[in-house]
Amino acid sequence: LSSLKDMVALTKLYLNKCSLITGDLSILKDMVAHDIRPTMATFSIMLKMYSKAGAFQQSATLLEKMPEKYGVVPAQRLYVQHISWCIRLRRGASALQVYRMLLERCPDSRELDSFLTACASFNMLDTACALIEIDPARFSAKTLQDTKEVLEKKRKPALATRVDAALRAQAERRPPDRKS
């Protein structure tokens, strides 16, 4: 019966797409009122609709409220989807906001190199530097070096210096190689 309830809820979500665009989350209230607990699938679909509508702030707000309000902790992939979407659409502030949430709620997240690669591709170089400065250990040394080279090539010496500082700090934290 739970899967039937989910199907009804998801159908309702599709039918109420227009209300989601305006930020109306009454669909979630209706679900809870009818003892239909929103699932990860419910939220995944809602976030996808927000992305198609260009509703960055509503998407970020939903990700933020899911755990305490609905008892559903977003999967790491939902944060990654939002951040990638924001980078593609040149919404650096929203990407950074959700990136901080990702690190807080999924502390084991590692190797998030795809964010820096996307930032370089979409010329979001300030956003790339901000992501690095939040926690440089989340990125591989190779991707940090590649990002630094892109910044140098694009004649952004101040940003390249910031990435170089992160590279040096990362190298200092790395344990020395042991010789047998």
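1. What to know about the pattern of salt bridges
Move 1: Applying the stated criterion to the full structure yields 6 salt bridges.
Move 2: The partner of Asp135 in a salt bridge is Arg138, with the nearest N and O atoms 2.8 Å apart.
Move 3: Three or more residues are tied together by salt bridges with common partners; here these are Lys148, Glu152, Asp164 and Arg168.

2. Observations regarding the side chain of Thr147
Move 1: When you line up the elements, Thr147 lands in helix H10 (residues 141-153).
Move 2: Excluding residues within four positions of it along the chain, Thr147 makes contact with Leu116, Ala128, Ile132 and Val163.

3. Remarks on the packing of helix H8 (residues 113-121) against helix H9 (residues 125-134)
Move 1: The interhelical angle for the contact between H8 and H9, taken along N-to-C directions, is 160 degrees, at an axis separation of 8 Å. In terms of their interaxial angle, H8 and H9 are classed as roughly antiparallel. Of the two elements, H8 crosses H9, and the hand of that crossing is left-handed. Where H8 approaches H9, its residues Phe115, Leu116, Cys119 and Ala120 are matched on the opposing element by Leu125, Thr127, Ala128, Leu131 and Ile132.
Move 2: Considering only residue class, the contact of H8 with H9 consists of 8 nonpolar, 1 polar and no charged.

4. Some words on the packing of aromatic side chains
Aromatic ring pairs are described here by two measures, namely the spacing of the ring centres and the angle between the planes.
Move 1: Tallying each qualifying case throughout the model produces 4 aromatic pairs.
Move 2: Ring plane angle 85 degrees and centroid distance 6.0 Å describe the contact between Tyr99 and Phe115, whose orientation is recorded as edge-to-face. With Tyr99 in helix H7 (residues 92-105) and Phe115 in helix H8, this residue pair connects regions lying 16 residues apart in the sequence. Both residues of the pair, Tyr99 and Phe115, count as buried.
Move 3: Ring pairs connect the aromatic residues Tyr99, Phe115 and Phe139, which therefore count as one cluster.

5. Digging into H7
Move 1: For H7, spanning 14 residues, the distance from its first C-alpha to its last is 20 Å, which sits close to the expected 20 Å at 1.5 Å a residue.
Move 2: On its buried face, H7 sits against helix H5 (56-70), helix H6 (76-88), H8 and H9.

6. Digging into unusual backbone geometry
Move 1: Phi angles above zero are rare outside glycine, and Asn123 is one such case at about 55 degrees.
Move 2: Locating Asn123 in the fold gives a position in the loop between H8 and H9.
Move 3: Of the residues examined, Asn123 reaches a relative accessible area of 41% and is grouped as partly exposed.
Move 4: One non-glycine residue, Arg155, adopts positive backbone phi at about 60 degrees.
Move 5: For Arg155, a relative accessible area of 73% puts it in the exposed group.

What counts, and where the lines are drawn
- Residues numbered from 1 in each chain as written.
- Predicted model: local features only at pLDDT ≥ 70, side-chain atom pairs only at ≥ 80, totals over all residues.
- Heavy atoms only, no water.
- Salt bridge = Lys/Arg side-chain N within 4 Å of Asp/Glu carboxyl O.
- Helix = DSSP H or I, 4+ residues; strand = E, 2+ residues; numbered from the N terminus.
- Contact = heavy atoms within 4.5 Å.
- Axes fitted to C-alpha atoms, helices over the stretch in contact; angles between N-to-C directions.
- Parallel < 35°, antiparallel > 145°, perpendicular 65-115°, else oblique.
- Left-handed = near helix turned anticlockwise from the far one by under 90°.
- Nonpolar A, V, L, I, M, F, W, Y, C, P; charged D, E, K, R; others polar.
- Phe/Tyr/Trp six-rings, centres within 6.5 Å; stacked < 30°, edge-to-face > 60°.
- Buried < 20%, exposed > 50% of the residue type's maximum accessible area, 1.4 Å probe, protein only.
- Expected span 1.5 Å × (residues − 1).

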